[in-house]
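Here is what each chain is made of, one letter per residue.
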Amino acid sequence: MNKTHKLTLRQKLNTEKAAGIICTMPFLIGFLAFMIIPMCISLYYSFCDYNILTPPVFTGMKNFQRMFTDEVFYQTLAVTFKFAFISVPMRLVFALIIALLLFKSTKMTGLYRALYYLPSIIGGSVAVAILWKRLFSLDGLINKLFMALGMKEPISWLGDTKTAIWTLIILAVWQFGSSMLIFLSALKQIPTSLYEAARVDGANSWQQFWKITLPLLTPNIHFNLVMQMINGFLAFTQCLIITQGKPLNSTLFYTVYMYQQSFLFGSTGYGAALAWVMLALIAVITWILFATKKLWVYDGGL
Amino acid sequence: MRNKKKVINIIYHTIVCACGIIMIYPLLWMVMSSFKETNTIFNTATSLIPEKFTLENYANGWKGFAKVSFATFFKNSLVISILATIGTVLSSSVVAYGFARCKFPGRKFLFAAMLASMMLPAQVLMIPQYLWYQKLNWVGTYLPLIVPYCFAIQGFFVYMMTNFIEGIPRELDEAAKIDGCSYYTIFTKIIFPLMVPTMITGCIFSFMWRWDDFLGALLYVNKTEKYPVSLALKMFCDPSSSSDYGAMFAMATLSILPAVLIFFCLQKYLVEGISTSGLKG
């Protein structure tokens, strides 16, 4: 009796269905425990007055209303938009230009690719962030180089509300390597017969780029745009270490403000509300990018 | 004609090389500055080669802060990164097998959830996760930095491995089934051994991301002797610490060394990971 029972359990477990459910179980548990449940908790706290130390008090929409009168909130939103909308397109343009340059394969291509990709590997690290702070400091490399070229007074890059954000943008653009690799592999998939046909029709390389290469790359550009936009809105480490939002909050990123409110200023409820607004904003932007996809992304076959 | 081609070639290499050097110049500057005497770094900023080559910065930096040396910080980073990486890669491979080879109710939904979770940024989850880990009494330990990763929560790895398994011919599974393998032994005996290349790619990415992780450590680690390298480096920037820039550059150089070494030794796997799954790196 016992034996047959054991056998059936074994057989029950050895079906495609059971195996699928068991194998994906870790993800299901992790997804619920570390994403869905925390999100639900934070949704509740976003409607509460809460500061980690004292129990939450339900206050309805107060946190969301506070945003309307919070000038810093608007400022961080503007800074973050500016950062994302400048750095992401610039990054993609650089990635595309360098990918086109490296597409021509020579003996040195492997080395070149490594050179251009290296900054992306380590760009997000604290080491690079503290290096960046020193590069743009008053006595840093950038000022020293400019002064060697004839500039008289050092510029306070990090101290001026106009230039500080640009140091962060340059740092972001500098890490165009992974987009470049995606473009490179996409370029290799474009059949050479298309270019041959175009050449027979008398198209020069400029026309070939605009009529063949670019349209066929639009799916990759679109994908990169979506992923990089999301990441652009979430830049954190660089801002926290390099500028801390200074001067005058001109580089205060939304995520850093969220962090400050929740963990330093003791308004965890407000921080949670800010996080949800951020999520909604990212969702809207992603949706817009997908909704306008039809207009400019080539989706026909080859 | 041939001469013209040669000229074009030379121009091409000059341009590509020059741009490449500009790209990595900041890094070169950091590495070379770490060998300069600390009080000469900014006076001689425009020259790359140190007037006097010294290792003093490394000795000074290694002493660390508050009697905790960088040996401890590196050990902490290694423990966190290695454990989290093993957890990620193993759990992701099992989950990927489930997605790639088994049909079960809810598969499509779960797969979509996985893809959506890839878009869900860590920063949005920062506060809720913190509160959750606080309830679990995990704050101040390494658990929040390791345990979640053992549940395949990084969709990137699951997605990459699912694609890889789908590329393995199903005939192998069928043959193993006829030989008496269960769905589980097919994974352990057939699929898992074949997954080595994608596992290596996964290990590289996971290790480098965990090594660089700053936000997680900032939130959950609160004792100096438990700091990973990323947090320890930040202390060089704190206004309270003395500004020994030589030591700072020396330790920063050491901290990027693992990533750079991995990059140059295992470039092939990295490039593959990015171009096949088309994701960030």
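Definitions and limits used
Throughout this description, residue numbers start from 1 for each chain and increase along the sequence as written. For naming, the first written chain is A and the first written ligand is 1, with later ones following in the order written. Local features in a predicted model are, by the rule used here, given only for residues with pLDDT of at least 70; side-chain atom pairs are given and counted only at 80 or more, and totals for whole chains, interfaces and linings are based on all residues. Secondary structure elements are defined from DSSP: runs of H or I of at least 4 residues count as helices, runs of E of at least 2 residues count as strands, and each element is numbered from the N terminus. Only C-alpha atoms enter the radius of gyration; for comparison, a globular chain is expected to reach 2.2 Å times N to the power 0.38, where N is the number of residues. The burial label depends on the number of other C-beta atoms within 10 Å of a residue's C-beta. Counts of 20 or more mean buried, 12 or fewer mean exposed, and intermediate counts mean partly exposed, with C-beta atoms placed from the backbone. Each residue gets a C-beta atom placed from its backbone, and two residues are in contact if those atoms lie within 7 Å. Per the annotation, domain bounds derive from an automatic or database assignment of domains. When residues are sorted by character, Ala, Val, Leu, Ile, Met, Phe, Trp, Tyr, Cys and Pro go into the nonpolar class, Asp, Glu, Lys and Arg into the charged class, and all the rest, Gly among them, into the polar class. The term nonpolar core means buried Ala, Val, Leu, Ile, Met, Phe, Trp, Tyr and Cys residues held together as one set by C-beta atoms within 7 Å. Each residue after the first adds 1.5 Å to the expected span of a helix. What is called the bend at a residue is the angle between a pair of axes, fitted to the seven residues leading up to and ending at it and to the seven starting from it. Residue-level confidence of the predictor, termed pLDDT, takes values from 0 up to 100. To obtain an axis, a line is fitted to C-alpha atoms, over the contacting stretch when the element is a helix, and the angle between two such axes runs from 0 to 180 degrees between their N-to-C directions. Every angle not falling under 35 degrees, over 145, or within 65 to 115 is termed oblique; those three ranges are roughly parallel, roughly antiparallel and roughly perpendicular. We call a crossing left-handed when the near helix sits turned anticlockwise from the far one by less than a right angle, and right-handed when that turn is clockwise.

This brings us to the overall build of chain B. The number of helices and strands found in chain B is 14 helices and zero strands. Reading chain B from its N end, one meets helices and strands in the order α-α-α-α-α-α-α-α-α-α-α-α-α-α. For a compact globule of 281 residues, the expected C-alpha radius of gyration is about 19 Å, and chain B comes in at 24 Å, more than 25% above that figure. Projected onto its principal axes, the C-alpha coordinates of chain B cover approximately 70 × 70 × 35 Å. Here chain B holds 281 residues, and 44% of them are scored as buried.

For chain A, the count of helices and strands is 15 helices and two strands. Relative to the 2.2 N^0.38 estimate, which gives 19 Å for 302 residues, the radius of gyration of chain A is 25 Å and therefore markedly larger than a compact globule would have. Its C-alpha atoms give chain A principal-axis dimensions of about 75 × 60 × 35 Å. Counting across all 302 residues of chain A, residues that qualify as buried make up 40%. Sequence separation of at least 24 residues holds for 69% of the intrachain contacts in chain A that already meet a minimum separation of 6.

Okay, the domain arrangement of chain B next. Residue and element names in this part refer to chain B. According to the domain assignment, chain B consists of domain 1 (2–56) and domain 2 (62–277). Its C-alpha centre places domain 1 at a distance of 33 Å from the equivalent point of domain 2. In this complex, domain 1 contributes eight residues to the contact, which on the side of domain 2 involves eight residues. Taken together, the residues of the side of domain 1 that touches domain 2 break down into three nonpolar, three polar and two charged.

This paragraph deals with the interface of chain A and chain B. At the interface, 69 residues of chain A touch 69 residues of chain B. By residue number, the principal contributor to the side of chain A that touches chain B is helix 2 (residues 16–45) of chain A, which donates 21 residues. Split by residue class, the side of chain A that touches chain B holds 45 nonpolar, 18 polar and six charged.

Our next topic: unusual backbone geometry. Backbone phi values are negative for most residues with the exception of glycine, while trans is the configuration of most peptide bonds. Residue and element names in this part refer to chain B. Even without glycine at this site, Asn-137 takes up a positive phi of about 65 degrees. With 9 C-beta atoms packed within 10 Å, Asn-137 lands in the exposed category. Despite not being glycine, Ala-152 shows a phi value in the positive range, around 50 degrees. Inspection of the secondary structure puts Ala-152 in the loop between helix 6 (143–146) and helix 7 (155–166).

Okay, the nonpolar core next. A:Ile130, A:Met180, A:Phe253, B:Val158 and B:Ala252 are the most contacted members of the largest nonpolar core, which has 157 residues in total. Other than its neighbours up to four places away in sequence, B:Ala252 contacts A:Ala127, A:Ile130, A:Leu131, B:Met30 and B:Leu233.

Residue and element names in this part refer to chain B. For helix 13 (residues 245–265), with 21 residues, the first-to-last C-alpha span of 30 Å sits near the 30 Å given by 1.5 Å per residue. Along its length, helix 13 reaches its greatest deviation from straightness, about 40 degrees, at Leu-257, and the proline Pro-258 lies no more than four positions downstream. Those residues of helix 13 that sit buried are Tyr-245, Gly-246, Ala-247, Met-248, Phe-249, Ala-250, Met-251, Ala-252, Thr-253, Ser-255, Ile-256 and Ala-259.

With domains assigned, chain A is organised as domain 1 (2–45) and domain 2 (71–296). Relative to domain 2 of chain A, the C-alpha centre of domain 1 of chain A lies at a distance of 39 Å.

Right, let's get into helix 2 of chain A. In this model helix 2 of chain A runs 41 Å from its N-terminal to its C-terminal C-alpha over 30 residues, within 8% of the 44 Å that 1.5 Å per residue would give. A maximum bend of about 45 degrees is found in helix 2 of chain A at A:Met25, where proline A:Pro26 lies one to four positions downstream.

To continue, consider the environment of A:Lys293. Inspection of the secondary structure assignment puts A:Lys293 in helix 15 (residues 293–296). In this structure, the C-alpha to C-alpha distance between A:Lys293 and A:Thr8, residues 285 residues apart in sequence, is 52 Å.

In this model, chain B carries a mean pLDDT of 86, and residues with pLDDT of at least 70 account for 95%. Per the prediction output, this complex has pTM 0.86; the corresponding ipTM is 0.84.

A separate point is the packing of helix 2 of chain A against helix 3 (residues 70–101) of chain B. Across the interface, helix 2 of chain A lies against helix 3 of chain B with an axial gap of 7 Å and an inter-helix angle of 140 degrees. With respect to each other, helix 2 of chain A and helix 3 of chain B are oriented oblique. Considering only the axes of helix 2 of chain A and helix 3 of chain B, their crossing is left-handed. Contacts from A:Gly20, A:Cys23, A:Thr24, A:Pro26 and A:Phe27 in helix 2 of chain A reach B:Ser91, B:Val94, B:Val95, B:Tyr97, B:Gly98 and B:Phe99 in helix 3 of chain B. Looking at the contact of helix 2 of chain A with helix 3 of chain B, its residues break down into seven nonpolar, four polar and no charged.

A few words now on the environment of A:Ile285. Residue and element names in this part refer to chain A. The topology assignment puts Ile-285 in helix 14 (residues 268–291). Here Ile-285 falls in the partly exposed class, since 18 other C-beta atoms lie within 10 Å of it. Once the C-alpha coordinates of Ile-285 and Met-229 are considered, the two residues, 56 residues apart in sequence, prove to be 8.4 Å apart.

Let us now look at the packing of helix 3 of chain B against helix 10 (residues 196–212) of chain B. Residues and elements named next belong to chain B. Where helix 3 meets helix 10, the closest approach of the two axes is 9 Å, and the angle between their N-to-C directions is 140 degrees. As summarised for this structure, helix 3 and helix 10 are arranged oblique, according to the angle between their axes. Judged by the sense of rotation from one axis to the other, the crossing of helix 3 with helix 10 is right-handed. Side by side, helix 3 and helix 10 meet where Ser-77, Ile-80, Ser-81, Ala-84, Thr-85, Thr-88, Val-89, Ser-92 and Ser-93 of the first sit next to Met-199, Gly-202, Cys-203, Ser-206, Phe-207, Arg-210 and Trp-211 of the second. Each residue belonging to the contact of helix 3 with helix 10 can be placed in one class, and the counts come to seven nonpolar, eight polar and one charged.

Residues and elements named next belong to chain A. Assignment of secondary structure puts Ile-98 in helix 4 (residues 71–103). Residue classification places Ile-98 among the buried positions, given that 25 C-beta atoms sit within 10 Å. For the pair formed by Ile-98 and Val-72, sequence separation is 26 residues and the distance between their alpha carbons is 38 Å. In this structure Ile-98 touches Tyr-116 and Met-180, once residues within four positions along its chain are discounted.

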